[in-house]
Amino acid sequence: MASAHDSIGNEAAAAGHYQRAFAAGLPESRRRQATIQYASTLRNLGRADESVALLTAERKAGSDELDDAVTAFLALALTDVGREREAAGLALGALSRHLPRYNRSLSNYAKALLDIET
């Protein structure tokens, strides 16, 4: 239901459905996907700080095929809270793993952006 409400632009209703789904408990594969979607919904509702906190915790929670999706949505939320350099560093770092060439260079540039931020 949460995804359906998100799809039609009804983020406020989606947020409630996400919260109920988390409270009821979700299998790990669905929980991580729902976390990404809920964080995006929070950002769209103007609650980017909550989105950043949720996705930052999710990056530390484990690793799977959704890692770069978590990072991408975190980068979006970071731009909304004025942390654009950090957002660019995270996004470029995630992208660097998927390029056929220039991976190392882009990864190093991404790290440099993150070092400047901290």
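Residues numbered from 1 in each chain as written. Predicted model: local features only at pLDDT ≥ 70, side-chain atom pairs only at ≥ 80, totals over all residues. Heavy atoms only, no water.

A. The arrangement of the side chain of Ser51 in detail. Counting through the fold element by element, Ser51 comes out in helix 4 (residues 48-61). Ser51 gets classed as buried once you look at its relative accessible area, which sits at 1%. Within polar-contact distance, the side chain of Ser51 engages the backbone oxygen of Ala39 at 2.8 Å. (Helix = DSSP H or I, 4+ residues; strand = E, 2+ residues; numbered from the N terminus. Buried < 20%, exposed > 50% of the residue type's maximum accessible area, 1.4 Å probe, protein only. Polar contact = N/O pair within 3.5 Å; in protein donor to acceptor, adjacent residues only side chain to side chain.)

B. Spatial organisation of the packing of helix 3 (residues 28-44) against helix 4. Orientation of helix 3 relative to helix 4, taken along the N-to-C sense of each, is 160°, at an axis distance of 7 Å. Judged by the angle between their axes, helix 3 and helix 4 are roughly antiparallel. The interaxial crossing formed by helix 3 with helix 4 has left-handed handedness. From helix 3, Arg31, Arg32, Thr35, Ile36, Tyr38, Ala39, Ser40, Leu42 and Arg43 reach across to helix 4, where they touch Ala48, Glu50, Ser51, Leu54, Leu55, Glu58 and Arg59. Among the residues making up the contact of helix 3 with helix 4, the classes are represented as seven nonpolar, three polar and six charged. (Axes fitted to C-alpha atoms, helices over the stretch in contact; angles between N-to-C directions. Parallel < 35°, antiparallel > 145°, perpendicular 65-115°, else oblique. Left-handed = near helix turned anticlockwise from the far one by under 90°. Contact = heavy atoms within 4.5 Å. Nonpolar A, V, L, I, M, F, W, Y, C, P; charged D, E, K, R; others polar.)

C. Looking closely at the environment of Thr41. Note that Thr41 resides in helix 3. For the pair Thr41 and Ala2, spaced 39 residues apart in sequence, the C-alpha to C-alpha distance is 9.6 Å. In this structure Thr41 touches Asp6, Glu11, Ala14, Ala15 and Tyr18, once residues within four positions along its chain are discounted.

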